[in-house]
Amino acid sequence: MKKLAVLLLLMLATPFVSAAQMEVDLHEHWDQRCQVCHGHSGQFARKFLRVENGRLLGTHHGNDLDVFLRNHYLTDKLVEPMRAMLTAQVTTPPLFAQKCAGCHGTAATSARRSLAFSNGSLVGVSSGRKVADLLSSHGGLAPDEVLIVVESLTRVRGEVGDSEK
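The model shown is predicted, which means the values in this text are computed figures rather than measured ones.

Draft legend 1. Spotlight on the overall build of the chain. For the chain, the count of helices and strands is 11 helices and four strands. Looking at the 165 residues of the chain, the share that counts as buried comes to 35%. Taking the intrachain contacts of the chain between residues at least 6 apart in sequence as the baseline, contacts between residues at least 24 apart amount to 59%. Of the roughly 10300 Å² of accessible surface on the chain, 57% is carried by carbon and sulfur atoms.

Structure below.
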């Protein structure tokens, strides 16, 4: 009984583990398990999902999207991170896909290959320059678009397994 109490206390003291801390690449997970039927996660999210009153809802599964995700090849530990990723994709304009993907591939591929965090900022791996500074003179983005792309890439870098340290 004492061992059970200690185990329960340890479980309650353990903080929530994010996808990045678990070293799970959410985009790779999607690409390997979901893409065959559903296509690119961002395109899927924008076409079939919506956010109402802060909740992610699906066209076919309505309020039961979490149940559907749990029963559709996701472990319980991945439901929340995957829902967060899909919610972000629904609510973020697809600027990277529209203005950057032609040269850089998907945001996830680009983030894995060439982005990292340094001193709290997203930087290019090869140049060490802050992505925000780089984009102010690269790609023809308007200043408000730079902010959106930097926020998107920062989020995606975390989703592919590297969180800001």
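Draft legend 2. Quick look at the pattern of salt bridges. Going through the model one piece at a time under the given rule, you end up with seven salt bridges. Between glutamate 52 and arginine 50 there is a salt bridge, with the nearest N and O atoms lying 2.7 Å from each other. Judged by its relative accessible area of 37%, glutamate 52 is partly exposed. One salt-bridge network, in which partners are shared between bridges, spans Asp66, Glu80 and Arg83.

The rules behind these values
Every chain is numbered independently, its residues counted from 1 as its sequence is written. Selection of residues for local features in this predicted model requires a pLDDT of at least 70, selection of side-chain atom pairs for listing and counting requires 80 or more, and totals for whole chains, interfaces and linings are taken over all residues. Each side-chain value is worked out from all heavy atoms of the structure, with water and hydrogens disregarded. Secondary structure elements are taken from DSSP: a helix is a run of H or I of four residues or more, a strand is a run of E of two residues or more, and numbering for both begins at the N terminus. Only protein chains enter the accessibility calculation, which uses a 1.4 Å probe; a residue is then buried when its area is under 20% of its type maximum, exposed when over 50%, and partly exposed in between. Residue contacts are counted whenever heavy atoms from the two residues lie within 4.5 Å of one another. Residue exposure ignores everything except the shown protein chains as possible cover, and the areas themselves are Shrake-Rupley values with a 1.4 Å probe. For salt bridges, the criterion is a side-chain nitrogen of Lys or Arg within 4 Å of an Asp or Glu carboxyl oxygen.

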